[in-house]
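A structural walkthrough
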2 protein chains.
Amino acid sequence: MIDPRVASGLRDLPPSVMIPRERILAGFRETFASFGFVPIETPHIERMEVLTGKGAGSDEVLRQIFEVTNKGGTPGELALRFDLTVPLARFVAKHIDELGIPFKRYAIGSVFRGERPAKGRFREFTQCDFDTIGTESVLADAETAQVIHAALTTAGVSDFTITLNDRRVLTGLLDSLGLESRSGSVLRALDKLDKIGADGVRDELTKAAEVGGAGLPVDQCEQIVELAVRFRGGEEILDDAMKALGANSLVEKGIANLRMVLEILAAAGVSPDQFRINLGLARGLDYYTGIVFETTVNGWEKFGSVASGGRYDNLASLFTPRRLPGVGASIGLDRLLALLDEAGRLKSSATTVPVLVANFPGTDPAVPVKLAARLRAAGIGAEVFPDAISIGKQMGYGSKRGHKLAVIVGPDEQANRVFNLRSLITRQEDKGLDLSVLEDSVESALEILKQEGAGP
Amino acid sequence: MIDPRVASGLRDLPPSVMIPRERILAGFRETFASFGFVPIETPHIERMEVLTGKGAGSDEVLRQIFEVTNKGGTPGELALRFDLTVPLARFVAKHIDELGIPFKRYAIGSVFRGERPAKGRFREFTQCDFDTIGTESVLADAETAQVIHAALTTAGVSDFTITLNDRRVLTGLLDSLGLESRSGSVLRALDKLDKIGADGVRDELTKAAEVGGAGLPVDQCEQIVELAVRFRGGEEILDDAMKALGANSLVEKGIANLRMVLEILAAAGVSPDQFRINLGLARGLDYYTGIVFETTVNGWEKFGSVASGGRYDNLASLFTPRRLPGVGASIGLDRLLALLDEAGRLKSSATTVPVLVANFPGTDPAVPVKLAARLRAAGIGAEVFPDAISIGKQMGYGSKRGHKLAVIVGPDEQANRVFNLRSLITRQEDKGLDLSVLEDSVESALEILKQEGAGP
């Protein structure tokens, strides 16, 4: 016998996980599409050269790459993708002339990273990305936040906060302090503020570069920490920030852009309570150049951001000389699901159909098949129990699976052209209902269960 | 610059391909679910041992396996799955106690085979599988055919034929001829009947085992070829077959099962014209033991089967001592799409939203965002053009993408609280419509376009 375990760091998704997952994904697809985003798919396997080109992934991600070879193939030539952004860049570079700009795409798929296995960390996980390529319009910036908002709302989450910044505010401040060359280490330190606190960030900013710090003098360190700590809140902080940070064209552009984004979001009818500015938000990745986003569920901030992204100057510079600015975000489906699960908010279920049609011993087996077909034709999902075993066992199966109702036709009922309708929740059974009104009877019974809070 | 090409044998799926593909997949998911099948997902990466266990895949498939390794991993330990059946067997062996039987699952996902690249053959392709595990009921056999029927119908295909056989008819005949030990080579030869004709099959059946044949004497060969050539058609052939093949308990069981399946399908309201019996149908794979299916689109038989499957005695014998019989089928999405494409039946489109809201130079950019949000709230997909470039160019974008209507608000319209509605199909424009009736106006315009055959 071969052990049926999955490889380390990987996992099976059983129906109880997949059913809410598929429902959320269907909502994401519908949301992305309603804004004019269109789906693309790229292979799970890419040429190694594409994935490891300069700047494609961080050193850490590149160390985690899964190499792929087949018999007759050249080792080191192919690998599994570690995100959907590098494949997007390659795709756009290759196809942009046929596609035209602006090009708005979404992609949902597995990505692979050979991380050290740990609780809640998997080597295969799903990303849900959407991007608008080929425009620098603030409308695309605002729309990205609007789509995050709409997608999470469709997923049944309403208590979240989208934190915004424009990277030019930070870049402008660093420029005016003469710190352009140290921006990488400064931004990395700032990104840890919520984890390690202001003193932790001070420590990272002031300690020498040789030991992984930014090597800043104390006064510069304080200006940066002040920006990150003080300027967090609603639109009102933008005026203060403008005064405090002084005249710098990048800072001004960044603040003006944030103002416009908030204005457009208000026009779109999105609640301002769900947006928050944080001028210290950097979002690690070096390639963000304008607006950046991250999204946390209120009270569940320890899970980190469930939807993040930002604007980049040039998506596909590795693959084409054509400059392609864009903005986009990625929703971390697995993290979101883990959070909803831990919060007890996932309606877990082992079935999606409300009705089980029993297979009564002695009844013509074509009868349940016919009744189920009638229910489906009326838009009601129905499962036929395949074996003519005891009705008690069939009802046990239905209760365990989460079916709401059972339709039962024994030989007597078959002869009299009637059926019994049993609620698998209340265990009440209506007997001898006329078969000609099957669909209506089932529909009203489901409606009643729904009103009682137990419906589908 | 890095060449943005995909690796050999792989491909990008652009929106024009993905839009109909996603529509078809959504229909499949809905169909599977309506019969009580529930989704599962297993990792793309499996342990090599799981994939290469005896009988897991054919020698050819095993030669095509993609090995996967990461830094620090052991070479030869992991590989990409080549189908969804072996992962299902592993999954069921591992989880059956929690799941209970009958267990009905569907799975949709990429599988990988390092085949020699050729037109229409890809190294990554999508399988859509559904199976009923843990029952030997004829209802599950019939339901498998019913689900293939319903899924293809949802995909907009109606002119297809599902060919059925029960492998016990063939096995019984071979038993009565004393040919059990040669069943593999006989069945492989029979499966080629439509490709190489009766004489080709005769040749394969009679030539010696050393040169790849079955080594049968001529009279036995003729009995087998007769079975395959003569017994093709509707239910009526079953009586003839019963007479001709004589008393053999396996043959009788097989024929009785086929009769029941046809009877149940008729009760389910499925047209008998779409089913055909072919007592010579073997479906290569050695593990089928009862009913087998294949499905061709009428007039497009050269594409081969787009949905195939059958019943097996024991799914997971590699992984568990527990005997798990089942029945299922796999729909070849890529083949089906290639066929529909070649038949000119794929409604290709570069967008799924009907309305483009223009971004008029000089109009407050919050206006189009607000109007689009209103349309979406009314259930009408709407895309905002992000840049305030010339209206001519925006309309060109909309026409090229396949938007049906454009909503246009210039500065004058903004001041007068009206909008212009332009058909991107007829190029007709209604001017000065009241903004308060935006949703209704757009809805009726779309309705008219639909009646004219150009709607969404």
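1. Re the overall build of chain A
Scanning chain A from N- to C-terminus turns up 16 helices and 17 strands. Taken along the three principal axes of its C-alpha coordinates, chain A extends 90 × 60 × 45 Å. In chain A, which comprises 456 residues, the share counted as buried stands at 48%. Taking contacts inside chain A between residues at least 6 apart in sequence as the whole, the part at least 24 apart equals 67%.

2. Considerations on the relation of the copies chain A and chain B
Structural alignment of chain A on chain B gives an RMSD of 0.1 Å, achieved by rotating through 180 degrees and translating 0.0 Å along the axis. Taken together, these values place the two copies in the relation of a two-fold axis. Identified as the residue of chain A closest to the rotation axis by C-alpha distance is A:V68, at 2.4 Å. Residue by residue, 100% of the interface of chain A is reproduced at the interface of chain B, so both copies engage with the same surface.

3. A few points about the packing of helix α7 (residues 183–190) of chain A against helix α8 (residues 193–206) of chain A
Residue and element names in this part refer to chain A. As a packed pair, α7 and α8 sit with axes 8 Å apart at the nearest point and diverge in direction by 145 degrees. Seen from α7, the contacting residues are V186, A189 and L190; seen from α8, they are L193, V201, E204 and L205. Each residue belonging to the contact of α7 with α8 can be placed in one class, and the counts come to six nonpolar, no polar and one charged.

4. So, the sheet that holds strand β14 (residues 382–384) of chain B
Residues and elements named next belong to chain B. Strand order in the open sheet made by the five strands is β14-β13-β15-β16-β17, with mixed pairing throughout. Edge positions in the sheet fall to β14 and β17 (429–434), since each of these pairs with one other strand and no more. Direction aside, neighbouring strands of the sheet carry axes that sit 25 degrees apart on average. As paired elements, strand β15 (residues 405–408) and strand β16 (residues 418–423) share four bridges and run antiparallel to each other. Residue pairing across strands places L405 opposite S423, the latter belonging to β16. This element, helix α13 (residues 366–377), spans β13 (355–357), β14 and β15 of the sheet and lies at about 170 degrees to β14.

5. Digging into the sheet that holds strand β15 (residues 405–408) of chain A
The strands that make up a sheet pair up through hydrogen bonds in the backbone, lying either parallel or antiparallel. All names here are of chain A. Spatial ordering of the open sheet is given by β14-β13-β15-β16-β17, a layout of five strands whose pairing is mixed. At either end of the open sheet lies a strand with only one pairing partner, and these are β14 (382–384) and β17 (429–434). Neighbour-to-neighbour, the strand axes of the sheet open up by a mean angle of 25 degrees, direction not taken into account.

6. Here's the deal with the environment of B:A142
Residue position: B:A142 is located in helix α5 (residues 138–154). Along the backbone, B:A142 and B:C221 are 79 residues apart, and their C-alpha atoms lie at a distance of 31 Å. Residue contacts for B:A142: discarding those within four places in its chain leaves A:V369, B:V261, B:I264 and B:L265.

7. Some words on the interface of chain A and chain B
Contacts between the two partners involve 87 residues from chain A and, on the opposite side, 87 residues from chain B. When residues in the side of chain A that touches chain B are grouped by element, the largest group, six residues, is from helix α1 (residues 15–34) of chain A. Pairing analysis gives five bridges linking strand β3 (residues 66–70) of chain A to strand β3 (residues 66–70) of chain B, with the strands arranged antiparallel. In the sheet register, A:F66 faces β3(B), and the bridge partner there is B:N70.

8. Description of the pairing of strand β10 (residues 288–297) of chain B
Strand residues, when the strand is regular, have side chains that alternate between the two faces of the sheet. All names here are of chain B. With nine of ten residues buried, β10 lies mostly within the body of the structure. Inspection of the sheet shows strand β7 (residues 160–166) paired to β10 by seven bridges, in the antiparallel sense. From the neighbouring strand, N165 faces β10, where its bridge partner is V292. In this structure, β10 lies alongside strand β11 (residues 307–312), joined through three bridges in antiparallel fashion. Among the inter-strand pairings, V292 is bridged to a residue of β11, identified as G310.

9. Here's the deal with unusual backbone geometry
All names here are of chain A. Following I101, the chain continues into P102 via a peptide bond in cis, with omega recorded as -5 degrees. By the element assignment, P102 lies in the loop between α4 (85–99) and β5 (103–112). Even without glycine at this site, R417 takes up a positive phi of about 55 degrees.

10. Thoughts on helix α9 (residues 218–230) of chain A
All names here are of chain A. Taking 1.5 Å per residue as the helical rise, α9 with its 13 residues ought to reach 18 Å, and the 17 Å between its terminal C-alpha atoms agrees with that figure. Within α9 the residues assigned to the buried category are C221, I224, V225, L227 and A228. For α9, the buried positions fall inside an angular range of 150 degrees around the axis, keeping them on one side. Turned more than 90 degrees away from the buried face of α9, the exposed residues are V218 and D219. Buried residues belonging to α9 abut α6 (167–176), α7 and α8.

11. What about helix α6 (residues 167–176) of chain B?
Residues and elements named next belong to chain B. α6 sits mainly inside the fold: eight of its ten residues count as buried. Of the residues making up α6, those classed as buried are R167, R168, V169, L170, T171, G172, L173 and L174. Buried residues along α6 sit against β7, α7 (183–190), α9 (218–230), α10 (237–245), α11 (249–267) and β10. One or two residues past the end of α6 sits G178, with phi positive at roughly 75 degrees.

12. Structural notes on the confidence of the model for chain A
Averaged over chain A, the pLDDT score is 93; the fraction of residues at 70 or greater is 99%. For this predicted complex, the interface score ipTM comes out at 0.93, alongside a pTM of 0.94.

13. Observations regarding the packing of helix α11 (residues 249–267) of chain A against α13(B)
Running from amino to carboxyl end, α11(A) crosses α13(B) at an angle of 35 degrees, the nearest separation of the two axes being 8 Å. In terms of crossing hand, the pair formed by α11(A) and α13(B) is right-handed. Contacts between α11(A) and α13(B) involve A:E263, A:I264 and A:A267 on the former and, on the latter, B:A366, B:V369 and B:K370. Taken together, the residues that form the contact of α11(A) with α13(B) break down as four nonpolar, no polar and two charged.

14. Here we look at the pairing of β16(B)
Residues and elements named next belong to chain B. When β16 meets β17, the two strands line up antiparallel, connected through four bridges. Paired with F419 across the strands is L433, a residue of β17. A loop of five residues connects β16 with β17, the two strands running antiparallel in sequence, and R427 in this loop sits at a positive phi of about 65 degrees.

15. Topic: the environment of B:R23
Mapped onto the secondary structure, B:R23 falls in helix α1 (residues 15–34). Distance from B:R23 to B:A155, taken between C-alpha atoms, is 7.9 Å for residues 132 residues apart in sequence.

16. Let's talk about the environment of A:F360
Relative to the helices and strands, A:F360 resides in the loop between β13 (355–357) and α13 (366–377). Setting aside residues no more than four positions away along its own chain, A:F360 makes contact with A:A388, A:I391, A:I408, A:V409 and A:G410.

Parameters and conventions
- Residues numbered from 1 in each chain as written.
- Chains lettered and ligands numbered in written order.
- Predicted model: local features only at pLDDT ≥ 70, side-chain atom pairs only at ≥ 80, totals over all residues.
- Helix = DSSP H or I, 4+ residues; strand = E, 2+ residues; numbered from the N terminus.
- Buried ≥ 20, exposed ≤ 12 C-beta atoms within 10 Å, placed from the backbone.
- Contact = placed C-beta atoms within 7 Å.
- Least-squares fit on C-alpha atoms with pLDDT ≥ 70 in both.
- Axes fitted to C-alpha atoms, helices over the stretch in contact; angles between N-to-C directions.
- Nonpolar A, V, L, I, M, F, W, Y, C, P; charged D, E, K, R; others polar.
- Pairing = 2+ DSSP bridges.
- Expected span 1.5 Å × (residues − 1).
- Arc of directions from axis to C-beta.
- pLDDT = per-residue confidence, 0-100.
- Left-handed = near helix turned anticlockwise from the far one by under 90°.

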